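One letter stands for each residue in the lines below.
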Amino acid sequence: MKHFNLALIGKDVTQSHSPAIHAYLAKKLGYTVNFKNLSVPEAEFESSIENIINSYDGFNVTIPYKLAIIPHLEKTEGDAAVFGAVNTVKSSSRTGYNTDGHGFCLMLKNGGVEISGKTFLVIGAGGAGRSVVKTLLDEGAKVYLYNRTYEKALAVANEFGATALKTLEDVPYYAIINASGVGMHKTVGMSPCGESLLKLCEVAIDLIYEPPHSEFLRLAEGLGKKILNGIGMLFYQAYYSACIFAGITPDEAMAKEYFHEFLKETK
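Just so we're clear, the structure is a prediction, and the values are computed from it rather than from any experiment.

Things to note about the overall build of the chain
On a plain count of helices and strands, the chain comes out with 10 helices and 12 strands. Against the 2.2 N^0.38 benchmark of 18 Å for 267 residues, the chain shows a C-alpha radius of gyration of 18 Å, consistent with a compact globule. Across its three principal axes, the chain shows a C-alpha extent of roughly 55 × 40 × 35 Å. When each of the 267 residues of the chain is scored for burial, the buried share is 51%. Considering only contacts within the chain whose residues lie at least 6 apart along the sequence, 63% involve residues at least 24 apart. Accessible surface, the chain: about 11800 Å² in total, of which carbon and sulfur atoms supply 50%. Side-chain charges of the chain comprise 25 positive and 28 negative groups, with the mean position of each set lying 2 Å from the other.

A word on the sheet that holds strand β12 (residues 226–228)
If you walk across this open sheet you meet the six strands as β9-β8-β7-β10-β11-β12, and the pairing is parallel. Of all strands in the sheet, those bounded by a partner on one side alone are β9 (163–165) and β12. For this sheet, the mean angle separating the axes of adjacent strands, direction not counted, is 20°. Helix α5 (residues 127–138) contacts β7 (119–123), β8 (142–146) and β10 (175–178) of the sheet and is inclined by roughly 170° relative to β7. Relative to strand β11 (residues 203–206), helix α8 (residues 215–222) is tilted by about 165°, and along the sheet it contacts β10, β11 and β12.

A look at the nonpolar core
Ranked by size, the top nonpolar core spans 59 residues in total, and within it Leu136, Ile205 and Leu207 carry the most contacts. In terms of residues, this core owes the most to one element, helix α9 (residues 231–246), which gives 12 residues. The contact partners of Leu207, leaving out residues within four places of it in the chain, are Phe104, Met107, Ala128, Val132, Ile177, Asn178, Ala179, Gly230 and Met233. Ala7, Ile69, Leu73 and Val86 belong to the second largest nonpolar core, which has 16 residues in total.

A short note on the sheet that holds strand β1 (residues 3–10)
Pairing in this open sheet of six strands is mixed, and the strands run β2-β1-β3-β5-β6-β4 from one edge to the other. Of all strands in the sheet, those bounded by a partner on one side alone are β2 (32–39) and β4 (75–76). Bridge count between strand β5 (residues 88–90) and strand β6 (residues 95–97): three bridges; the pairing is antiparallel. Within the sheet, the bridge partner assigned to Val89 lies in β6 and is Gly96. Each of β1, β3 (58–61), β5 and β6 touches α9; the most contacted strand, β5, lies at about 10° to it.

Digging into the state of the cysteines
Applying the stated rule across the entire model yields zero disulfides. Cys193 carries a free sulfur, and the closest cysteine sulfur to it, the one in Cys201, is 7.5 Å from it. Note on Cys243: no disulfide assigned, nearest cysteine sulfur contributed by Cys105 at a separation of 16 Å.

Observations regarding the pattern of salt bridges
Overall, the coordinates contain 10 salt bridges when judged by the stated rule. With a closest N to O distance of 3.9 Å, Lys27 and Glu265 form a salt bridge. With Lys27 in helix α1 (residues 18–29) and Glu265 in helix α10 (residues 252–265), the pair connects residues that are 238 residues apart, well separated along the chain. Residue Lys27 is classed as exposed on the basis of its relative accessible area, which comes to 57%. For Arg218, the salt bridge is made with Glu215, and the minimal N-O distance between the two is 2.8 Å. With Arg218 and Glu215 both in helix α8 and three residues apart, this pair spans about one turn of that helix. By relative accessible area, Arg218 is classed as partly exposed at 44%.

Definitions and cut-offs
- Residues numbered from 1 in each chain as written.
- Predicted model: local features only at pLDDT ≥ 70, side-chain atom pairs only at ≥ 80, totals over all residues.
- Heavy atoms only, no water.
- Helix = DSSP H or I, 4+ residues; strand = E, 2+ residues; numbered from the N terminus.
- Rg over C-alpha atoms; globule rule 2.2 N^0.38 Å.
- Buried < 20%, exposed > 50% of the residue type's maximum accessible area, 1.4 Å probe, protein only.
- Contact = heavy atoms within 4.5 Å.
- Areas by Shrake-Rupley, 256 points an atom, 1.4 Å probe, with all protein chains shown as cover.
- Lys, Arg positive; Asp, Glu negative; His and termini not counted.
- Charge placed at Lys NZ, Arg CZ, Asp CG, Glu CD.
- Pairing = 2+ DSSP bridges.
- Axes fitted to C-alpha atoms, helices over the stretch in contact; angles between N-to-C directions.
- Core = buried A, V, L, I, M, F, W, Y, C linked by side-chain atoms within 4.5 Å.
- Disulfide = S-S within 2.5 Å.
- Salt bridge = Lys/Arg side-chain N within 4 Å of Asp/Glu carboxyl O.

In structure tokens form, the structure reads like this:
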């Protein structure tokens, strides 16, 4: 049986569910795994990354290193090359991949959220935001993008064909997606937008999964909106990553089955 030493690297991944998910997926996909959460301060990333690449068979990458990792790789493939952001690294070949788009799309599909022909507001233009914007556009949605720094939103919007917003105004969207970090860690209890805007949407989606009921989702649910938190995206992107590490062809139906079983086991 194959064994993999894997990790998740990010600025603060102390609350990540990734070890539990990857342990579950290893059991289902037929290998064993040692998976660690590695919180790496931004000042130490450049001095630490080579050691991480040499110490692990592969690793996942989260905020704020999805772009910073690229110069340390030999190549990027698939969505990573298109998005310009990496969330999965296979160390032996120093290859970067991005499974966020596939994970996000499957979360929406299995969560009953339509994409084609719908209008979305994405808040946050970082690595996750880039993946979400490109995925939505590829699936036929109209996308508006807001970021605290307008220039960053404009650059991403121009690259993929979305519309950048200078300010958040109260106009109707089918769905609002929080792809920023607002609502986690030091910003727990904060929402990236207010009730007056949420009132006008049908669906609120938060890529944050810890806390599971963010202030953004609490406000939306109180207004009677359909809500989704990021645990589905986390699980599905991890599933696609696990398939890359193990050399297995992904199966959407099996991924959905695994996700529901995982939720039952971890309640």
